[in-house]
Amino acid sequence: MALEKNGPTKVMASCHTPLTVGMYVYPSSESIQELRKNIIELVISDHPLECLTCEVNGNCQLQDVVGEVGLRDVRYPKEFENHLDYEKDLSHPYMTSDFSKCINCYRCVVQGQFVLSMAGRGFDAHIVKGEEQNFFESACVSCGACAQACPTSAISDVFESKSTKADEKTRTICTYCGVGCNLEVSTKNGEILSIQAPLDAEVNAGHTCLKGRYAFKFYNHEERLRQPLIKKNGAFEEVSWDEAYNFITSKMTSFKADFGPDSMAGISSSRCTNEE
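Note that the structure is a prediction, hence the values are computed from the model and not measured.

Enquirer: Sorry if this is basic, but what is going on with the overall build of the protein chain here?
Expert: Counting its regular elements, the protein chain contains 5 helices and 9 strands. Taken from N to C terminus, the helices and strands of the protein chain fall in the order α-α-β-β-β-α-β-β-β-β-α-β-β-α. Taken over the C-alpha trace, the protein chain has a radius of gyration of 26 Å; the compact-globule value for 276 residues is 19 Å, which it surpasses by more than 25%. With the C-alpha coordinates of the protein chain rotated into their principal frame, the extents come out at 85 × 45 × 40 Å. A total of 276 residues make up the protein chain; the buried ones form 32% of that total. Across the protein chain, every contact between residues at least 6 apart in sequence was considered, and the portion connecting residues at least 24 apart equals 51%. When the accessible surface of the protein chain is split by element, carbon and sulfur atoms take 53% of a total near 18,500 Å².

Here you go:
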């Protein structure tokens, strides 16, 4: 950053330096590029180099940045003090964490229900769940926002939602309630692998609830209702949609004729399911 064009420059952190009038910014100078490379080298020196077997291989933002800065070698040996001995947290039915892959970017802290926070200072700074608990014991509501925001696989989920296994992604609308959250459904051979919330969706902007993100195993469940049912002779029978609509119309018409229009009422809420 300089205060005059082509004048003396000073390195400033872009994440907390507001732009002002008369400021000249040089984000791609040789010195800045070299500094970025050195910073990434320090990050990688405390990061597991197991990219080929990592679930986010090919979809890792840290991996992308390493390629962009041209890092090909790490000068700092792993024998130095590091954080590679963190144990994985598999306590939760949906959420997982492996903080040996955490880069302390702080993205997860400002997501969801603010269950996560940062503790410690300097080399001891680390992400904590609740009061140094595991995912299951914390106040996590399984919204999955932290996993989606995490640029590595430090926080993920049991469905490996950030992996590249899917061969198709479909944009759709969640059907659980009337809010209308946008979803991006990842599938392979017609089977749903995972669901993410698009960041550019005006309704939910990258967020969704537990049901929208993780409750999708019922889609192909053998007990799922796939046709309307009408009880005939004491037993439910599958019927066509036209027959179901005609049945509803005839019943409502008869109720109105027998008891008057005030005998019927409806319930409407953005939180009601489609069936309600």
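Still to come is the rest of the account.
Enquirer: Teacher, can you tell me more about empty space enclosed by the protein here?
Expert: Any empty space left between atoms is shown by rolling a water-sized probe over those atoms. Using the criterion set out here, one finds 3 cavities of 30 Å³ or more in the structure. One number sums up the size of the largest cavity: a volume of about 130 Å³. Around the largest cavity, the lining comprises 16 residues; the ones closest to its centre are Gln111, Gln113, Val115, Cys143 and Cys146. Tallied by class, residues from the lining of the largest cavity come to 11 nonpolar, 5 polar and no charged. Taken as a whole, the second largest cavity spans an internal volume of roughly 80 Å³. Along its surface, the second largest cavity is lined by 13 residues, and Cys102, Cys105, Cys108, Cys150 and Ala154 are the ones closest to its centre.

Enquirer: Teacher, can you tell me more about helix H5 (residues 241-259) here?
Expert: Within an α-helix, residues lying three or four positions from one another point in the same direction, as the helix has 3.6 residues per turn. The end-to-end C-alpha distance of H5, which contains 19 residues, comes to 27 Å, matching closely the 27 Å that a straight helix rising 1.5 Å per residue would cover. Once H5 finishes, glycine 260 follows within two positions and takes phi at roughly 90 degrees, a positive value.

Enquirer: Please explain the pairing of strand E9 (residues 235-238) as it appears in this structure.
Expert: Consecutive side chains of a regular strand alternate in pointing toward one face of the sheet and then the other. As paired strands, strand E8 (residues 229-232) and E9 are joined by 4 bridges and run antiparallel to one another. Bridge pairing in E9 links isoleucine 230 to glutamate 237.

Enquirer: Sorry, what's going on with helix H1 (residues 30-45) here?
Expert: Over its 16 residues, H1 runs 23 Å from end to end, which matches the ideal 22 Å to within 8%, given 1.5 Å per residue. If you check which residues of H1 are buried, you get Ile32, Ile40, Glu41, Ile44 and Ser45. The inward-facing, buried residues of H1 contact helix H2 (61-69).

Enquirer: Even after reading the chapter, I still don't get a nonpolar patch on the surface, so can you show me in this structure?
Expert: Side chains of Trp241, Tyr245, Phe247, Ile248 and Met252 sit close together on the surface and give an oily, nonpolar patch of about 540 Å² of accessible area. The topology assignment puts tryptophan 241 in helix H5.

Enquirer: Help me understand the layout of surface pockets, please; the structure alone is not making it clear to me.
Expert: Size it by volume and the largest pocket reaches roughly 1,000 Å³. In terms of lining, the largest pocket is formed by 31 residues, of which the most central are Met12, Ala13, Ser14, Arg36 and Ile39. At the level of elements, H1 and H2 are the ones that each hand at least two residues to the lining of the largest pocket. Ranked by residues supplied to the lining of the largest pocket, first place goes to H1 with 7 residues. When its residues are assigned to classes, the lining of the largest pocket shows 21 nonpolar, 7 polar and 3 charged.

What counts and what doesn't
Residues numbered from 1 in each chain as written. Predicted model: local features only at pLDDT ≥ 70, side-chain atom pairs only at ≥ 80, totals over all residues. Heavy atoms only, no water. Helix = DSSP H or I, 4+ residues; strand = E, 2+ residues; numbered from the N terminus. Rg over C-alpha atoms; globule rule 2.2 N^0.38 Å. Buried < 20%, exposed > 50% of the residue type's maximum accessible area, 1.4 Å probe, protein only. Contact = heavy atoms within 4.5 Å. Areas by Shrake-Rupley, 256 points an atom, 1.4 Å probe, with all protein chains shown as cover. 1 Å grid on protein atoms, 1.4 Å probe; cavity = no way out; pocket = protein on both sides within 12 Å on 5 of 7 lines; lining within 4 Å. Points joined across faces, edges and corners; volume = space filled by probe spheres on them. Nonpolar A, V, L, I, M, F, W, Y, C, P; charged D, E, K, R; others polar. Expected span 1.5 Å × (residues − 1). Pairing = 2+ DSSP bridges. Patch = residues over 30% accessible without salt bridge, like charges linked within 9 Å, V, L, I, M, F, W, Y side chains within 5 Å. Salt bridge = Lys/Arg side-chain N within 4 Å of Asp/Glu carboxyl O.

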